Amino acid sequence: MAIPLALLLSLLFGIVLAPECVATPDMAPATLLQVKSDLIDPQGILSGWSPEADVCSWHGVSCLPGEGIVTGLNLSGYGLSGTISPAISGLMSVEVIDFSSNSLTGPIPPELGMLQNLKTLLLYSNSLVGTIPPELGLLGNLKVLRLGDNMLHGEIPLQLGNCTELETMALAYCQLSGTIPHQIGNLKNLQQLVLDNNTLTGSIPEQLVGCANLRSLSVSDNRLGGTIPSFIGSLSVLQSLNLANNQFSGAIPADIGKLSSLTYLNLLGNRLTGAIPEELNQLSQLQVLDLSKNNISGVISISTSQLKNLKYLVLSDNLLDGTIPGDLCPGNSSLENLFLAGNNLEGGIEGLLNCISLRSIDASNNSFTGKIPSEIDRLANLVDLVLHNNSLTGVLPPEIVNLSNLEMLSLYHNGLTGVLPPEIGRLQRLKALFLYENQMSGTIPDEITDCTSLEEVDFFGNHFHGTIPEKIGNLKSLTVLQLRQNDLSGSIPASLGECRRLQALALADNRLSGALPDTFRLLTELSIITLYNNSLEGPLPEALFELKNLTVINISHNRFSGSVVPLLGSSSLSVLVLTDNNFSGVIPTAVTRSRNMVRLQLAGNCLTGAIPAELGSLTQLKMLDLSSNNLSGDIPAQLSNCLQLTHLNLERNSLTGAVPSWLGGLRFLGELDLSSNALTGVIPVELGNCSSLLKLSLSGNRLSGSIPQEIGRLTSLNVLNLQKNSLTGIIPPTLRRCNKLYELRLSENSLEGPIPMELGQLSELQVMLDLSRNRLSGQIPTSLGNLVKLERLNLSSNQLHGQIPTSLLQLTSLNRLNLSDNLLSGAIPAMLSSFPAASYAGNGELCGVPLPTCGANGRRLASATVSGIVAAIAIVSATVCMALLYIMLRMWSNWREVSVSSSDGEEPEAHDKGGKCCAGDGKYWKVGSGLVVAPSTEDKYSSASESTVLHGKLTEASAINSKG
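Residues numbered from 1 in each chain as written. Predicted model: local features only at pLDDT ≥ 70, side-chain atom pairs only at ≥ 80, totals over all residues. Heavy atoms only, no water.

What about the overall build of the protein?
Then, in step 1: Looking only at helices and strands, the protein features six helices and 64 strands.
Then, in step 2: Here the protein, with 964 residues, has 49% of them falling under the buried criterion.
Then, in step 3: Across the protein, every contact between residues at least 6 apart in sequence was considered, and the portion connecting residues at least 24 apart equals 48%.
Then, in step 4: By element, 52% of the accessible surface of the protein is carried by carbon and sulfur atoms, the whole surface being about 42,300 Å². (Helix = DSSP H or I, 4+ residues; strand = E, 2+ residues; numbered from the N terminus. Buried < 20%, exposed > 50% of the residue type's maximum accessible area, 1.4 Å probe, protein only. Contact = heavy atoms within 4.5 Å. Areas by Shrake-Rupley, 256 points an atom, 1.4 Å probe, with all protein chains shown as cover.)

This is the structure we're talking about:
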C-alpha cells in the first residue's frame, strides 16, 4: 500500500518549510496541553501541567537533559479516559509514548506516523477502536510496538513490514482478522511476535524464516490452519512457540526437535495427528510441553532422560494408548506436573513411581487397571493425585497418608474396595477428597475430622455404613459434603452446624433418622441441601428460616411434619422438593418470594386449603407438583402466567370447577395430570394447542361432553388417560394423528358408536389400549391387528358383536386380553386360546378353547347336547375297557398253565409288588388320592399379572409420571 499523498506532503512540508517546528522546546508545552484537553483525568495526575511550570517537571514527561526537549511521555495506568489527540504529532523529538493500561477510547491517530524519532509505542490495555493505521509503517526507528488488549479490528497493515528496526510486535487480544502479512518476514531484528486471541486465518507465512532473531512466536487462539511449517525448525534462537487453539492439522514436524533453545512449546487444541516425534526428546532446554486436545496417537515416546529441564508434560485428551513407559523418568528428573487424562492408556500406574519430583498427576479418564501401589509414598512432593474414571481395584493403601503435601485426592469412579484408612487424618493439607462411585465399605473413620483443611468431601455411591462422625464440625473449611447413596444410619450430628462455610450438603439415599439439629441455623452460607430418601422426622426447626442463601432444597421421602414455612426464608430458591412427607397446613404464600423458582414439588403430604393464586407470580416455574394432598377449590387462573411450565400435576386432591381453557396457552407443557379430583364440565378444546404434551391424564373426575377432536393435534402425546368420567359421544378418529401414543385409556365412560378403525394406525401403542365399560358397538376392527407392540387390550363390557378378527393373531406381544361381556360370537382363533376363559366370559355365542367346543355350524353346542356326547363317550370307553380286560385275563390264564407245566420245581425270584415306586419316594402320586401338588416355580410366575405387565417399560412419558 502506498503512503498517503497528504501525509507525505505534510511530512515534507514540516521538514522543508517549517524546520523551526522540529525539536524546539517552545512547542512542547502547547502540544502537551492540547493532548491534555482530550483526556479525562479522574486522579488529577495532569493537574500540574501548566504554562507557568517547566514542561520537564510535568508528571509523566521526560526531557533531554539540559536542553528541555521532550523525549518521553509516560501516562501508563492512571485511569485516564478520553481520546489520543492528533496534536501529539507535534512532539517531534519524542522517543517513548506510553498510554497503556488506561481506559482510552477512539482511534489510534494516524498522525503518530510523523514521529520519526519514536522508538517505543505502548497503547495496550485500553478500549481503542478502529483499525491499526498503516501510517505506523513510517516509523523507521520503532523498536517496540504494543497495541494489544484493545477493540481494534481489520487486518494487520502490511506496511508494518517497513519498520525494519522493530524488535517487539504485540497485537494480541484484539479483533484483528485476515492473514499474517508475509512482509513481517522483512523484520530481521524481530524478537517477539505476539498475535494471540484474534481471528486471524490462513497459514503461517514461510517468509517468517527471515526473522532469524525471533525468540518468541505466539499466535494462539486464532483460526490459523494448514500444517505446522517445518521451517520453524530453522529459527535457531526461538525460545517460545505457542500455536495453541488453532486449526493446525497433520503431524508434528520433526524439525521442531532442532530448536535447541526452546523452553516453551504449546500445540494444544489443534487437529494434529500421528505419533509424538522422537526428535522432541532433543529439546534439552524445554521446560513446558503441551500437546493436549489433539488427535495424537501411538505410545508415549517422551523421556526425561534427555529432557532434564522438563517440568510440565501435558498430553491430555488425545488418542494415546499403551502403558506408561518405564523410561519416562529414569534417574534424576525435574518433571513436576504430568497430565495424561483422557487417553486410552492401560496397565498399571507403577511407571509413575520413578518421577519423584512430581507435584501433580492427572491420569484420569483412561483404562488403567490394577491396584494403587503401596509405594505411592515415594512421590513425597505430590500435591495433586487425580486418577478418577479408570478401572483401578483393590484397597486404598495406608501408605498414601505419608504424602504429607497432598491437597487433592481424586479416585472416583473406579472399583476400589475396602475401608478408608483411619490414618487419613494425617493428611493435614488435604483440601479435596473424591472417592465417589467406588465399592468402598466400612465406617467413615472419626480421624477424617483431623483433616482440618478439607473443603470438599464426596463419598457418593459407596457402601459406607455406621454414623456420620460426631466431630464432623471440626472441618471448619468444608464447603461441600456429599455422602449420598451409602448405608449411613443414626442422626445428623449437631456439630455439623459448626461447618459454617458449608455451601452444599447431600445426605440423600441413606438410612438417617431423627430430627434436623437446631444447629443447622448456623449454616448461613448453605445453598444446596438434599436429604431425600431417609427416615428423618419431626417438625423443622423454625430457625432454618434464617438460611437466606438456599437455592435448592430436596428433603422428599422422609417423615417430616408440621409447617413448611421454616424452609422459606430464602428469596433465592430455584428448587423446592418436599414430596412424600407429612407436612400439613396450607401452602404458604411466602413460597412466592423466590421469583426464580423453577421446580416446586409438594406432592404426597397433608396440605389443605386452596392452591394460592400467588403462585402465578412464579413466571419461571417449570414443574409444579401438588398431587396427593387434600387441596380444594378451583385451579387458580393466575397459574396461566406460568408460561414456562413443562409439568403440572394436581392429581389426587379434591379440586372442583372446570378444567381451565387457559391451559392451552402453556405451549411448553409436557405433562398435565388432573386425575382423581372432582372436576366438572367439558374437556376444553384449547388443550389441543399444547403441542409439547407427552402425558394428558384427566381420569377419575366428573367430566362430561365429548372428547374434543382437537386432541388429535397432540402429535407428541405418549399417554392419554380419560377413564372414569362421564364422557359421551364417539371416539374421535383424529386420535390417529397421536401416532406416538403408547398408552390409551378411555374406559368407564359412556362412549358409543363403533371403535374407529383409525386406532389401528397407532403403531406405537404398547402398554395398554383400554376401551372397556362403555357403550361401544359394531365389530372389533381388523386394523387393531396392526398394533403389534401392544401388551394389553381391554374391550370388555361394551356391545361389540361379530367374530373375533383373526388379525389379532398378529399381536405377538399381547399378554393380557379382555373381551368379556360383549355380544361376540363364533370360534375363538386358535392362537388366542391360551388366554383364560375369563377373557371371553359373557359372550353367549362365543365358542372354542378355552370356552366350550364349537358345533359344525361354528356355534357353541347346547349344554344338553354336550352332556349326551360326553355320556356316550363314557359308555363306549367302558365297554372297550371291559373287552380288553377279558382278553388279557384269558391270555394270562393260558400262559400260567404253560409255565407251570414246564417248571423244574425252582421258585421264581420274588419281585416287590409293594408299590414303592408309586408312592414311597414321593415322586409319583396315586390317581385320585386327593393330594394337591404345589405349583412349580415356573408355574408360579407363568401367568402375567397386572403389576408385571408394565415392568421395565420405561419411556419418556413414564419418566415424567414419576414423583419426588
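Overview of the side chain of glutamine 601
Then, in step 1: Examined against the element boundaries, glutamine 601 turns out to sit in strand 45 (residues 599-601).
Then, in step 2: Within the structure, glutamine 601 has its side chain in polar contact with the side chain of arginine 599 (distance 2.4 Å). (Polar contact = N/O pair within 3.5 Å; in protein donor to acceptor, adjacent residues only side chain to side chain.)

Digging into the side chain of aspartate 362
Then, in step 1: Mapped onto the elements of the fold, aspartate 362 is located in strand 25 (residues 360-362).
Then, in step 2: Buried and without a salt bridge, aspartate 362 has lysine 293 as its closest oppositely charged side chain, separated by 11 Å.
Then, in step 3: Leaving out residues up to four positions away in the same chain, aspartate 362 has contacts with Leu338, Phe339, Leu340, Ala341 and Val386. (Lys, Arg positive; Asp, Glu negative; His and termini not counted. Salt bridge = Lys/Arg side-chain N within 4 Å of Asp/Glu carboxyl O.)

Considering the sheet that holds strand 34 (residues 463-466)
Paired through backbone hydrogen bonds, the strands of a sheet run either parallel or antiparallel to each other.
Then, in step 1: If you walk across this open sheet you meet the 10 strands as 32-34-36-38-40-42-44-46-48-50, and the pairing is parallel. Two strands in the sheet have a free side with no partner beyond their single neighbour: strand 32 (441-443) and strand 50 (654-655).
Then, in step 2: Of the strand pairs in this sheet, strand 36 (residues 487-490) and strand 38 (residues 511-514) are connected by two bridges, and their pairing is parallel. Within the sheet, the bridge partner assigned to glycine 490 lies in strand 38 and is leucine 512. (Pairing = 2+ DSSP bridges.)

Focus: the packing of aromatic side chains
Then, in step 1: Considering all chains together, one arrives at four aromatic pairs under this definition.
Then, in step 2: Residues tryptophan 49 and tryptophan 58 carry aromatic rings whose centres are separated by 5.3 Å and whose planes lie at 20° to one another, so their mutual orientation is stacked.
Then, in step 3: Classification of tryptophan 58 as buried rests on a relative accessible area of 3%.
Then, in step 4: Aromatic pair tyrosine 412 and tyrosine 436: ring centres 4.1 Å apart, planes at 10°, arrangement stacked. One end of the pair, tyrosine 412, is in the loop between strand 29 (408-410) and strand 30 (415-417); the other, tyrosine 436, is in the loop between strand 31 (432-434) and strand 32, with 24 residues separating them in the sequence. As far as burial versus exposure is concerned, tyrosine 412 and tyrosine 436 are alike and both buried.
Then, in step 5: Across from the ring centre of tyrosine 124, 4.2 Å away, lies the NZ or CZ of arginine 146, which sits over that ring. (Phe/Tyr/Trp six-rings, centres within 6.5 Å; stacked < 30°, edge-to-face > 60°. Lys NZ or Arg CZ within 6 Å of the ring centre and 35° of its normal.)

Points about empty space enclosed by the protein
Then, in step 1: Following the criterion strictly, the structure yields three cavities of 30 Å³ or more and no others.
Then, in step 2: Together, Leu516, Phe520, Leu526, Ile529, Leu540, Leu544, Leu547, Leu550, Ile553, Ile555 and Leu567 line the second largest cavity.
Then, in step 3: By residue class, the composition of the lining of the second largest cavity is 11 nonpolar, no polar and no charged. (1 Å grid on protein atoms, 1.4 Å probe; cavity = no way out; pocket = protein on both sides within 12 Å on 5 of 7 lines; lining within 4 Å. Points joined across faces, edges and corners; volume = space filled by probe spheres on them. Nonpolar A, V, L, I, M, F, W, Y, C, P; charged D, E, K, R; others polar.)

Digging into the sheet that holds strand 61 (residues 799-802)
Then, in step 1: Here five strands make up an open sheet; going across it, the order is 57-59-61-63-64 and the pairing parallel. One side of each edge strand has no neighbouring strand; the edge strands of this open sheet are strand 57 (752-754) and strand 64 (845-847). Pairs of neighbouring strands in the sheet enclose a mean axial angle of 25°, with direction left out of account. (Axes fitted to C-alpha atoms, helices over the stretch in contact; angles between N-to-C directions.)

With respect to the UniProt feature "domain: Leucine-rich repeat-containing N-terminal plant-type" (unreviewed entry) in the protein
Then, in step 1: As recorded in UniProt, the feature "domain: Leucine-rich repeat-containing N-terminal plant-type" (unreviewed entry) lies at residues 30-63.
Then, in step 2: With 24% helix and 15% strand, the stretch residues 30-63 has end C-alpha atoms that lie 15 Å from each other. (UniProt positions renumbered as here; feature names shortened; annotations may be inferred.)

Here we look at the pattern of salt bridges
Then, in step 1: Scanning the entire structure with this criterion turns up nine salt bridges.
Then, in step 2: Across the pair arginine 511 and aspartate 487 runs a salt bridge whose closest N-O atoms are separated by 2.7 Å. Remark: aspartate 487 occurs in strand 36 and arginine 511 occurs in strand 38; sequence separation between them is 24 residues.
Then, in step 3: Residue arginine 511 is classed as partly exposed on the basis of its relative accessible area of 48%.
Then, in step 4: What makes aspartate 487 partly exposed here is its relative accessible area of 33%.
Then, in step 5: Between arginine 652 and glutamate 651 there is a salt bridge; the shortest N-O distance is 3.7 Å.
Then, in step 6: What makes glutamate 651 buried here is its relative accessible area of 7%.

Details of the pairing of strand 16 (residues 247-250)
Then, in step 1: Note that strand 14 (residues 225-227) and strand 16 share three bridges and pair parallel. By the bridge assignment, glycine 225 is partnered in strand 16 with glutamine 247.
Then, in step 2: The pairing of strand 16 with strand 18 (residues 271-272) spans two bridges and is parallel. In the sheet register, serine 249 faces strand 18, and the bridge partner there is arginine 271.

As for the state of the cysteines
Then, in step 1: Taken as a whole, this structure holds three disulfides when the rule is applied.
Then, in step 2: In this model cysteine 329 forms its disulfide with cysteine 355; the gap between the sulfur atoms is 1.9 Å. On the sign convention where negative means left-handed, the S-S torsion of about 90° between cysteine 329 and cysteine 355 marks this disulfide as right-handed. With a gap of 26 residues between them, cysteine 329 in the loop between strand 22 (319-320) and strand 23 (337-339) and cysteine 355 in the loop between strand 24 (346-347) and strand 25 connect regions that are remote in the sequence. Pair check on accessibility: cysteine 329 and cysteine 355 agree, each one buried.
Then, in step 3: One disulfide in the model links cysteine 847 with cysteine 854; its S-S distance is 1.9 Å. On the sign convention where negative means left-handed, the S-S torsion of about 100° between cysteine 847 and cysteine 854 marks this disulfide as right-handed. (Disulfide = S-S within 2.5 Å.)

Concerning helix 2 (residues 27-37)
Then, in step 1: Taken together, the buried positions of helix 2 are Ala28, Thr31, Leu32 and Val35. Taken down its axis, helix 2 places every buried residue within 95° of arc, on the same side. (Arc of directions from axis to C-beta.)

Brief notes about the confidence of the model for the protein
Then, in step 1: Confidence in the prediction of the protein, expressed as mean pLDDT, is 89, and 86% of residues score 70 or more.
Then, in step 2: Taken as a whole, residues 1-23 scores under 50 in pLDDT and shows 22 contacts with residues more than four places along the chain or in a different chain.
Then, in step 3: Confidence over residues 895-964 falls short of pLDDT 50; this stretch has 51 contacts with residues more than four positions distant or in other chains. (pLDDT = per-residue confidence, 0-100.)

Let's talk about a negative patch on the surface
Then, in step 1: A contiguous patch of negative charge, built from Glu423, Asp446, Glu447, Asp450 and Glu470, is present on the exposed surface.
Then, in step 2: Mapped onto the elements, aspartate 446 comes out in the loop between strand 32 and strand 33 (456-458).
Then, in step 3: You can call aspartate 446 exposed: its relative accessible area is 52%. (Patch = residues over 30% accessible without salt bridge, like charges linked within 9 Å, V, L, I, M, F, W, Y side chains within 5 Å. Charge placed at Lys NZ, Arg CZ, Asp CG, Glu CD.)

Overview of the pairing of strand 48 (residues 630-633)
On a regular strand, one side chain projects to one face of the sheet and the next to the other, so that they alternate.
Then, in step 1: The pairing of strand 46 (residues 606-610) with strand 48 spans three bridges and is parallel. Bridging across to strand 48, glycine 609 finds its partner in leucine 631.
Then, in step 2: In the sheet, strand 48 pairs with strand 50 via two bridges, with the strands oriented parallel. Considered in strand 50, the bridge of glycine 633 is made with leucine 655.

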